[in-house]
Amino acid sequence: MTVITDLSPSLCCAIAGLLFVVTITVLALLLCKHSVTGQWKTCLTDFLLVLILLTILSYITAAADTGIIRYPVPIPLSVFFAILSLVLLYVADGFRKTYRTGRETLFPRSISQALNYLPLGICFADYLGNIVLINYEMTDLFTPLIGSCPQTLTDIWGILKHPDGDTGVRQLTDSSELYKFPDGTVRQFHTSRLENSELSGYTRIIVQDVTEIYETNQLLLSENQKIAEANSELSLMYDRLAERIREQETLNLKMKIHNDIGASLLTISQIMDKSSFENIDSQLRQLRNAVSFFSDRPPTHQSDWNSVCRMAKKLDIQCVLDGFLPDDISLCSLIADAVGECVTNCAKHARGTHVFVHVREHEKICTVTITNDGILPQNDIVEGGGLSTLRKKIEQSSGEMAICTRPEFVLTLTLYSTSETTDKT
């Protein structure tokens, strides 16, 4: 059986080289275990194995140099290689177990490494204000500002409590603890004292990069301001448009009264001058109709569906009729008056684009409901001049009018047909 003592110095040197490589792998395993667990006691076996291999290596190296074997026990070459194979298997299994342990087990060093690679800054300080743990993000944030890694909370608070100085840190708000740093980033600071019994008295500071959120929020605030201004201008425009339509209707009424009275008086004057009473009844009736506009009971203005639709179109509102208008022309006029008032209010208050008119007639009783697609009323509707006038006209015709504001605006008319009929308007 061949033993190491029988080998030549050159073969001993080759074996020593092989043994040196195996010793390096065991040493690498030792360092790997310590880096993962952070505990030397888990590396004791590897440390002893390294010492044994180094001792054998020194003996073989001396034999290769001098040719003299200093250990009395001859080791068979096959046993020697078997031992080296077992050591290599042990190293391979050790690396596998160390890798699995590093992924499945938490050690104090694991927590420190995890905190170091967090995308946000974090540090912990004891009750004296001395920083006991700080990660890379926090270090990189404050080192350029104070010239070194922060050691106490005073180093950090000195930058935050006195912004706008030479450091270039600018405080954005007082409540949300937002600070803008010289690199253009916006950071939000959260400072809290730990209440856990084991960590009582410790302070935690978390710094989060909220640059994108802050800029997006500022953009939204700017856009909301522009939208509010546009809505204000639209509201003013609708108010002016509705007022202008009212002024135009008033002007048309004044012109009609003026023309009717003027024409009637001129005709009557000519008749009296000529002592002719031809057409005197029609002229007096026209004059009485014009003068009645100034009395307590003005003449009924006969509105029609087409004129209301034309007026609504000027306000960019569409009247949608569901059903059929009644044959009674007086009822059609009342419905048109109600729709016209609802169109005006829809443009002025509800900002809608459609007015829906539902007409149902049964045994001379006509029920009309009017709604719109505009903004829902926030409060109960107080009848103003238009609705009050409409209610008087409805009640003078023995009809009924009701207003509902929940869940949406609904104007309901109950009208009773008379004997007077004509073609549908």
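Check the entry above for the structure.
Conventions and cut-offs
Residues numbered from 1 in each chain as written. Predicted model: local features only at pLDDT ≥ 70, side-chain atom pairs only at ≥ 80, totals over all residues. Heavy atoms only, no water. Pairing = 2+ DSSP bridges. Helix = DSSP H or I, 4+ residues; strand = E, 2+ residues; numbered from the N terminus. Buried < 20%, exposed > 50% of the residue type's maximum accessible area, 1.4 Å probe, protein only. Contact = heavy atoms within 4.5 Å. Axes fitted to C-alpha atoms, helices over the stretch in contact; angles between N-to-C directions.

Participant: Tell me what's going on with the pairing of strand S2 (residues 131-134), and back it up with residues and numbers.
Facilitator: Two elements, strand S1 (residues 121-125) and S2, share three bridges in a ladder whose sense is antiparallel. Of the residues in S2, the one forming a bridge with Phe124 is Leu133. Between S1 and S2, which pair antiparallel in sequence order, lie five residues; one of them, Gly129, sits at a positive phi of approximately 90 degrees.

Participant: Give a description of the side chain of Thr139 that names residues and reports values.
Facilitator: Within the secondary structure, Thr139 sits in helix H5 (residues 136-146). Look at Thr139 and you get buried, because its relative accessible area is 18%. Among all residues touching Thr139, those that are not within four sequence positions of it are Ile134, Pro144 and Cys149.

Participant: Break down the sheet that holds strand S11 (residues 410-416) for me, with residues and values.
Facilitator: Sheet architecture is open: five strands sit in the order S7-S8-S9-S11-S10, paired in mixed fashion. If you trace the sheet from one side to the other, it starts and ends with strand S7 (318-322) and strand S10 (400-404), each paired once. Across the sheet, the axes of successive neighbouring strands diverge by a mean angle of 15 degrees, strand direction being ignored. Where S7 and strand S8 (residues 354-362) come together, five bridges link them in parallel fashion. Residue Asp322 lies in a different strand from S8, and its bridge partner there is His358. Of the strands in this sheet, S7 and S8 touch helix H9 (residues 305-314), which is tilted by about 145 degrees from S7.

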